Amino acid sequence: MRLLSRILGPRLEATAHCDLPCGVYDPAQARIEAESVKAIQEKYQANEDPEFRTRAILIAEQRSELVKHHLWVLWTDYFKPPHFEKYPQLHELINKATKAAGATGTKGSMDPKTGQQLLDYIAEIDKIFWETKQG
């Protein structure tokens with residue numbers, strides 16, 4: 001049995017702390033989409049054309065979904081237990097940010113204040129992200 005284990009066992013063991021090189025992660029992706037949402041909200045407020053407003057709502061909803069996607073990727077793929085230990089507010093912050101991009105936030109409101117709130121949350125996540133990249 002030992003001989004069989006040695007023959008069939010792995011010859012090399014490799015470990016990694018993430019599924020891809022960490023350089024592919026960046027909150028900038030979420031920020032860019034959130035900036036787009038806020039700009040769309042501002043254009044919506046300045047335009048009375050019903051067709052334009054309908055298109056603006058649809059695009060803002062799509063961009064809000066992309067914000068949530070990018071934040072979830074950071075939360076599930078980049079941030080690890082040591083990050084959450086060092087930054088105990090991180091879970092709640094990501095939760096608030098994804099909700100700010102959801103139905104009660106930019107996905108459900110064309111008020112630019114909701115877009116700014118989302119950008120503020122992303123800025124906090126960005127600060128923590130870059131601190132984790134230093135250590």
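One structure accompanies this document, and this report is about it. (Residues numbered from 1 in each chain as written. Predicted model: local features only at pLDDT ≥ 70, side-chain atom pairs only at ≥ 80, totals over all residues. Heavy atoms only, no water.)

In this section: the packing of aromatic side chains. Tallied over the entire structure, the rule returns five aromatic pairs. Where F129 meets W130, the ring centres are 5.0 Å apart and the plane angle is 90 degrees; that geometry is what we call edge-to-face. The class of W130 is partly exposed, set by a relative accessible area of 35%. Three or more aromatic residues link up through ring pairs in this structure, and these residues are Y25, Y78, F79, F84, F129 and W130. The side chain of R53 reaches across the aromatic face of Y44, ending 4.0 Å from its centre. (Phe/Tyr/Trp six-rings, centres within 6.5 Å; stacked < 30°, edge-to-face > 60°. Buried < 20%, exposed > 50% of the residue type's maximum accessible area, 1.4 Å probe, protein only. Lys NZ or Arg CZ within 6 Å of the ring centre and 35° of its normal.)

Another point: the environment of G108. Counting through the fold element by element, G108 comes out in the loop between helix 5 (90-100) and helix 6 (112-134). The exposure class assigned to G108 is exposed, which follows from its relative accessible area of 53%. Residue contacts for G108: discarding those within four places in its chain leaves G102 and A103. (Helix = DSSP H or I, 4+ residues; strand = E, 2+ residues; numbered from the N terminus. Contact = heavy atoms within 4.5 Å.)

With that settled, consider the pattern of salt bridges. In total, this model carries seven salt bridges according to the counting rule given. The salt bridge partner of E65 is K68, with a shortest N-O separation of 3.0 Å. In this pair, E65 and K68 both sit in helix 3 (residues 50-78), three residues apart, roughly one turn of the helix. Given the relative accessible area of 32%, E65 is considered partly exposed. (Salt bridge = Lys/Arg side-chain N within 4 Å of Asp/Glu carboxyl O.)

Note that T98 resides in helix 5. A polar contact is formed between the side chain of T98 and the backbone oxygen of N95, at a distance of 3.1 Å. (Polar contact = N/O pair within 3.5 Å; in protein donor to acceptor, adjacent residues only side chain to side chain.)

Its 29 residues place the ends of helix 3 41 Å apart at the C-alpha level, agreeing with the 42 Å of an ideal helix rising 1.5 Å per residue. Within helix 3, burial applies to R53, A56, A60, S64, V67, K68, H70, L71, L74 and Y78. Each element contacted by the buried residues of helix 3 is listed here: helix 2 (28-45), helix 4 (81-86), helix 5 and helix 6. (Expected span 1.5 Å × (residues − 1).)

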